[in-house]
Amino acid sequence: MIDIVIDLIPEGSPNRPGQANPCNYITIHNTGNWLSGTNARMHARYVKTRDAQEKKVSWHYTVDEKEIIQHIPDEEVAYHAGDGDGPGNRESIGIEICMNIDGSLLMATNKAVALAAALLRKHGLSIDCVVQHHHWSKKDCPELLRSGKPYSWESFLEGVRACL
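Counting restarts for each chain, with residues numbered from 1 along the sequence as it is written. Reporting of local features is limited, given that this is a predicted model, to residues whose pLDDT is at least 70; pairs of side-chain atoms are given and counted only at 80 or more, and all residues count toward the totals for whole chains, interfaces and linings. Side-chain measures were taken over the full set of non-hydrogen atoms in the model, leaving aside hydrogen atoms and water.

A.B. asks: Whenever I open this one, the packing of aromatic side chains confuses me. Can you help?
C.D. replies: Two measures describe an aromatic ring pair: the distance that separates the ring centres and the angle between the ring planes. Two rings belonging to Phe, Tyr or Trp (six-membered ring only in the last case) form a pair when the distance between their centres is within 6.5 Å. Interplanar angles under 30 degrees mark stacking, angles over 60 mark edge-to-face geometry, and anything in between is tilted. Scanning the model with the defined rule gives 2 aromatic pairs in all. For the pair Tyr25 and Trp136, a centre-to-centre distance of 4.9 Å together with 80° between the ring planes defines the contact as edge-to-face. Of the two residues, Tyr25 is situated in strand S2 (residues 25-30) and Trp136 in helix H5 (residues 133-137); the sequence distance between them amounts to 111 residues. Remark: exposure states derive from per-residue accessible area (1.4 Å probe, protein chains only) relative to the maximum for the residue type, with buried under 20%, exposed over 50%, and partly exposed in between. Taking relative accessible area as the criterion, Tyr25 reaches 25% and is therefore assigned partly exposed. The interplanar angle of 10° and the centroid separation of 5.3 Å between the aromatic rings of Trp153 and Phe156 together place this pair among those described as stacked. Of the two residues, Trp153 and Phe156 are both situated in helix H7 (residues 153-163); the distance of 3 residues between them amounts to about one turn of the helix. Helix and strand assignments come from DSSP, with helices taken as H or I runs of at least 4 residues and strands as E runs of at least 2, each series counted from the N terminus.

What follows is the structure, encoded as structure tokens:
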């Protein structure tokens, strides 16, 4: 069992559309933010800001080396995949892995492995349903896993399989 802190974006926010997500995929991201202090708590604050609302950006979970924070229920759409009304946004659960310079990328990624496995079990999905952000929009994300940091994408998937 993994501990998840629930800190939801308020209902009715522009970046929480409240539409149904059938939870067919798990999409893995890196936050893209190296700055010191940009951990899961900071991202939980960010998704509630006017900037995030105006940009209509959101995701379901942020993971750092210490905790996992949920921002949107799995069964609701989030705007994380960069594919507009496509299946990335409409059918997947977005997990952002923190990459802040003052955090442990290895520990955060390991927590994301455990979370991905737990979500696969919860929603009855196969390992083939775990995809990179790149799968939906061709963005180089999760940039660190794509470049082998802290380990390769294949190793990430092997870790998820081992947790199952």
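A.B. asks: Looking at this model, I keep getting lost on the side chain of Glu76. Mind explaining?
C.D. replies: Among the secondary structure elements, Glu76 is positioned in the loop between strand S4 (68-70) and helix H3 (87-91). N or O atoms closer than or at 3.5 Å make up a polar contact, with two conditions inside protein: a donor-capable atom paired with an acceptor-capable one, and, for residues adjacent in sequence, both atoms drawn from side chains. For Glu76, the side chain forms a polar contact with the side chain of Arg16, separated by 2.8 Å. Note on contacts: a residue pair is in contact if any heavy atoms of the two residues lie within 4.5 Å. With residues near it in sequence (within four places) discarded, Glu76 still touches Arg16, Gly18, Gln19, Asn21 and His60.

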